Amino acid sequence: MSETMVGQVALVSGAGSESGIGMAIARQLGEAGARLIVTASSARIAERVEELRAAGYAVEGRALDLTDEAAVIDFVQWAEARWGRIDILVNNAGMTMQGSPEPLVELARMSLAEWNLILARNLTTAFLLTREVLPGMQQRRYGRIVHVSSATGTRAGNRGESGYSAAKAAMVGMNMSLALEVAGQGITVNAVAPGWIETASSLPEEVQAATRVPVGRAGRPAEVAAAAAFLASPAASYITGEYLVVDGGNSRIENKGA
């Protein structure tokens, strides 16, 4: 990607894994010239900051719990103080936190605590960050908000993931209304919806499922990042309230036995 974001500042959440989607998005935006703010739930974000700096990108980072409202407010104030603005927000955090895997349980046996935890990680985190970043974007009358949703919940579902599906579908629903709220203010709001993407956290059954994708393989984090970077770019100025599925055609299969 050419340097189309020089002078802009991009905040990417969920960038703790070296091989994850968040880190891939940070690299893409950095390559396009953006200065970076990255965050994750654990101290390993410091390692990602050093890796991005070694690659030549201007970057700051901090660990925090994005489900904690007060912590998010403090973090965004800190982030805006680094370079004076946030032009791009990528809400990638969700699903798992290091040391605390996502509950996989059928709805009939799901506790309210499990339900609330799943929604907090996968939906409320995006709400809190977006709410805090929006005023600056509105004041400057420019912004790009990209949520990382999922093909799960928007195109298909999996047993034991009703909570996750609900959260990811709700993210797309939130985008539709928010896009209308800020459409006249130079701010776009979109989502990418990955399918089977191979990362360090991929389960064996997920890797196996990816072999049945029409293109014949799992997706790569960089392929999701390319879609997110496009939606975050000035070139995507006439796209808002939409979501872009990145799943190798998997959700288009009607005959599952073929």
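The rules we used
Residues numbered from 1 in each chain as written. Predicted model: local features only at pLDDT ≥ 70, side-chain atom pairs only at ≥ 80, totals over all residues. Heavy atoms only, no water. Helix = DSSP H or I, 4+ residues; strand = E, 2+ residues; numbered from the N terminus. Buried < 20%, exposed > 50% of the residue type's maximum accessible area, 1.4 Å probe, protein only. Contact = heavy atoms within 4.5 Å. Areas by Shrake-Rupley, 256 points an atom, 1.4 Å probe, with all protein chains shown as cover. Pairing = 2+ DSSP bridges. Axes fitted to C-alpha atoms, helices over the stretch in contact; angles between N-to-C directions. Core = buried A, V, L, I, M, F, W, Y, C linked by side-chain atoms within 4.5 Å. Salt bridge = Lys/Arg side-chain N within 4 Å of Asp/Glu carboxyl O. Expected span 1.5 Å × (residues − 1). Arc of directions from axis to C-beta. Polar contact = N/O pair within 3.5 Å; in protein donor to acceptor, adjacent residues only side chain to side chain.

## Here's the deal with the overall build of the protein
For the protein, the count of helices and strands is 7 helices and 7 strands. If you list the helices and strands of the protein from N to C, you get β-α-β-α-β-α-β-α-β-α-β-α-α-β. If one aligns the C-alpha atoms of the protein with their principal axes, the spans along those axes are about 50 × 40 × 40 Å. Burial status across the protein gives 48% buried among its 258 residues. Taking as baseline every contact in the protein between residues at least 6 positions apart, the subset at least 24 positions apart corresponds to 72%. Here the protein displays about 11,800 Å² of accessible surface, and carbon together with sulfur accounts for 52% of that area.

## Focus on the sheet that holds strand E4 (residues 88–91)
What the 7 strands build is an open sheet, ordered E3-E2-E1-E4-E5-E6-E7; its pairing is parallel. The strands lining the two open edges of the sheet, one partner per strand, are strand E3 (59–63) and strand E7 (243–246). Neighbouring strand axes in the sheet, compared pairwise and without regard to direction, differ in orientation by 15° on average. The pairing of strand E5 (residues 143–148) with strand E6 (residues 187–194) spans 6 bridges and is parallel. Bridge pairing in E6 places Arg144 opposite Thr188. Running at roughly 175° to strand E1 (residues 9–12), helix H1 (residues 21–31) makes contact with E1, strand E2 (35–40), E4, E5 and E6 of the sheet.

## Re the nonpolar core
Judged by nonpolar contacts, the single largest core of 34 residues is most densely connected at Ile25, Leu29, Leu36, Val38, Leu52 and Val90. Contributions of two or more residues to this core are made by E1, H1, E2, helix H2 (45–54), E4, E5 and helix H7 (221–231). Counting 24 residues, the second-largest nonpolar core is a separate cluster that includes Val9, Leu11, Val182 and Val189.

## Topic: unusual backbone geometry
One non-glycine residue, Arg141, lies in positive phi territory at about 60°. Take Arg141: it is sitting in the loop between helix H4 (112–140) and E5.

## So, the pattern of salt bridges
For the structure shown, the criterion picks out 11 salt bridges. For Arg85, the salt bridge is made with Asp87, and the minimal N-O distance between the two is 2.9 Å. On the accessibility criterion, Arg85 (29% relative accessible area) is partly exposed. A relative accessible area of 1% places Asp87 in the buried class. In this structure, a network of salt bridges that share partners links the residues Glu47, Arg48 and Glu51.

## Remarks on helix H3 (residues 69–83)
Taking 1.5 Å of rise per residue, 15 residues should cover 21 Å, and H3 covers 22 Å from first to last C-alpha, within 8% of that figure. Among all positions in H3, only Val72, Phe75, Val76, Trp78 and Ala79 are buried. Buried residues of H3 fall within an arc of 165° about the axis and therefore sit on the same side. Relative to its buried face, H3 has exposed residues pointing more than 90 degrees away, namely Ala70, Gln77 and Ala81. Looking at the buried positions of H3, the neighbouring elements they touch are E1, E2, E3 and H4. Where H3 begins, the capping side chain belongs to Asp68, and its oxygen is found 3.1 Å from the backbone nitrogen of Ala70. Looking one or two residues beyond H3, the residue adopting positive phi is Gly84, at roughly 85°.

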